[in-house]
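So you can see what is in the structure, the chains are spelled out below.
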Amino acid sequence: MSIEVRKAESDGDLEAFIRIRRALLPNESGGTVEQLRAQLESKPERQFLVSELDDEVVGSGLVDRSDLGDRFSVKVRVLPQARRRGVGTALLRELVVHASRFGGDKIATHLEEEEVQPFAERFGFRETDRQVEQVKRLGGDPGPPPLPDGIEVATVAQRPSLLRDAYPLACEGYHDMALEGPAQISLADWLRDEATLPAGSFVALAGGEIVGYSGLVRHDNSGVAEDGLTVVRRDWRRRGLAAMLKRMELVWAAENGFREVVTWTQRGNEGMRKLNELLGYEYRGVTITMVAPLPLRGLV
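First things first, this report covers the structure right here in the doc.

Procedures and definitions
Residues numbered from 1 in each chain as written. Predicted model: local features only at pLDDT ≥ 70, side-chain atom pairs only at ≥ 80, totals over all residues. Heavy atoms only, no water. Buried < 20%, exposed > 50% of the residue type's maximum accessible area, 1.4 Å probe, protein only. Helix = DSSP H or I, 4+ residues; strand = E, 2+ residues; numbered from the N terminus. Arc of directions from axis to C-beta. Contact = heavy atoms within 4.5 Å. Axes fitted to C-alpha atoms, helices over the stretch in contact; angles between N-to-C directions. Parallel < 35°, antiparallel > 145°, perpendicular 65-115°, else oblique. Polar contact = N/O pair within 3.5 Å; in protein donor to acceptor, adjacent residues only side chain to side chain. Core = buried A, V, L, I, M, F, W, Y, C linked by side-chain atoms within 4.5 Å.

Focus on helix α9 (residues 270–278)
Step number 1: Of the positions making up α9, those classed as buried are Met272, Arg273, Leu275 and Asn276. Buried residues of α9 fall within an arc of 160° about the axis and therefore sit on the same side. Residues of α9 that are exposed and angled more than 90 degrees away from the buried face: Gly271, Lys274 and Leu278.
Step number 2: If you follow the buried residues of α9, they end up packed against β6 (126–137), β10 (224–232), α8 (241–255), β11 (260–266) and β12 (282–293).
Step number 3: Positive phi shows up at glycine 280, right after α9, with a value of about 95°.

Some remarks on the packing of helix α1 (residues 11–24) against helix α2 (residues 33–42)
Step number 1: Between α1 and α2, whose axes approach to 9 Å, the crossing angle comes to 105°. One element, α1, and the other, α2, form an angle in the roughly perpendicular class. Between α1 and α2, the contacting residues are Asp11, Leu14, Glu15, Phe17 and Ile18 on the first element and Val33, Leu36 and Arg37 on the second.

Looking at the environment of arginine 192
Step number 1: Checked against the element boundaries, arginine 192 lands in helix α7 (residues 187–193).
Step number 2: Considered as a pair, arginine 192 and glycine 124 are 68 residues apart in the sequence and their alpha carbons are 34 Å apart.
Step number 3: Residues in contact with arginine 192, not counting those within four places in the same chain, are Gln39 and Ser42.
Step number 4: Among the polar contacts made by the side chain of arginine 192, one reaches the side chain of aspartate 193 at a distance of 2.9 Å.

Thoughts on the nonpolar core
Considering soluble globular proteins, one finds that nonpolar side chains tend to be buried as a cluster.
Step number 1: If you look at the biggest cluster of nonpolar residues, it comprises 25 residues, and the most contacted ones within it are Ile151 and Val261.
Step number 2: For this core, the secondary-structure elements that each account for two or more residues are β8 (202–206), β9 (209–218), β10, α8 and α9.
Step number 3: If one sorts the elements of this core by residue count, α8 sits on top with eight residues.
Step number 4: Excluding residues that lie within four positions of it along the chain, isoleucine 151 makes contacts with Ala204, Leu205, Ala206, Val211, Trp236, Leu241 and Met244.
Step number 5: Judged by nonpolar contacts, the second largest core, of 24 residues, contains Leu53, Val78, Val87 and Val96.

What follows is the structure, given as structure tokens:
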């Protein structure tokens, strides 16, 4: 039995990286080779790996600095038929070596399958958070309510500069999320990853100032869109703005041929989960966040 781990840099290896993600997570976007290359160029600390077992690519790995800023995050994915043969351990070892070059005393991982949790626990990882996937199947929903007095709404397609202008509000929203610490999303990442469906991404303004934002993002699966960030300025919360903006998104998506919208919400953000439930979203998947101290236990 021969295991080889290498950086995913060629088109073929990046395509294999995407193929493994799509095989294990058919409901999620896998990205494109061009998107992965752009991520590598914008974040030199990020690294993609693939692993071969007897000359067949059966595993992939990702390492990057966490949005929380105080740790690196790793992801190990192995096709079911190749598990329990050392592929995951070989990938994890290389990912940790890369992360260790940048210092730090802990590392995180995000598991999309509960059955692989014992693998992570073997190396000292412990659960710290869970995110749930909520899905809204479109059709037959009422339109958005009338705009509140003093509120104007524009799409990012109508006014592209609004995406950049909404970044400070986005940072406020990330700070308020139920995380171990505030997420650190760069302006470059925000402009690249948010509102990739600009005509379905809405900004609320009062007196010319941005007081709410809700973005819609492209998805690999035909007929599917993904919610980006939804955030309302603190002094405008509990006035129905978030529900209004999300209803506008859903109406736009339905009118433009989408059949469902998906979103992920972390544990503790009960307000957004409840809003999604009221809008008709249903629960589907789960992602488990786990953290371990460095060096990892039992990884030699």
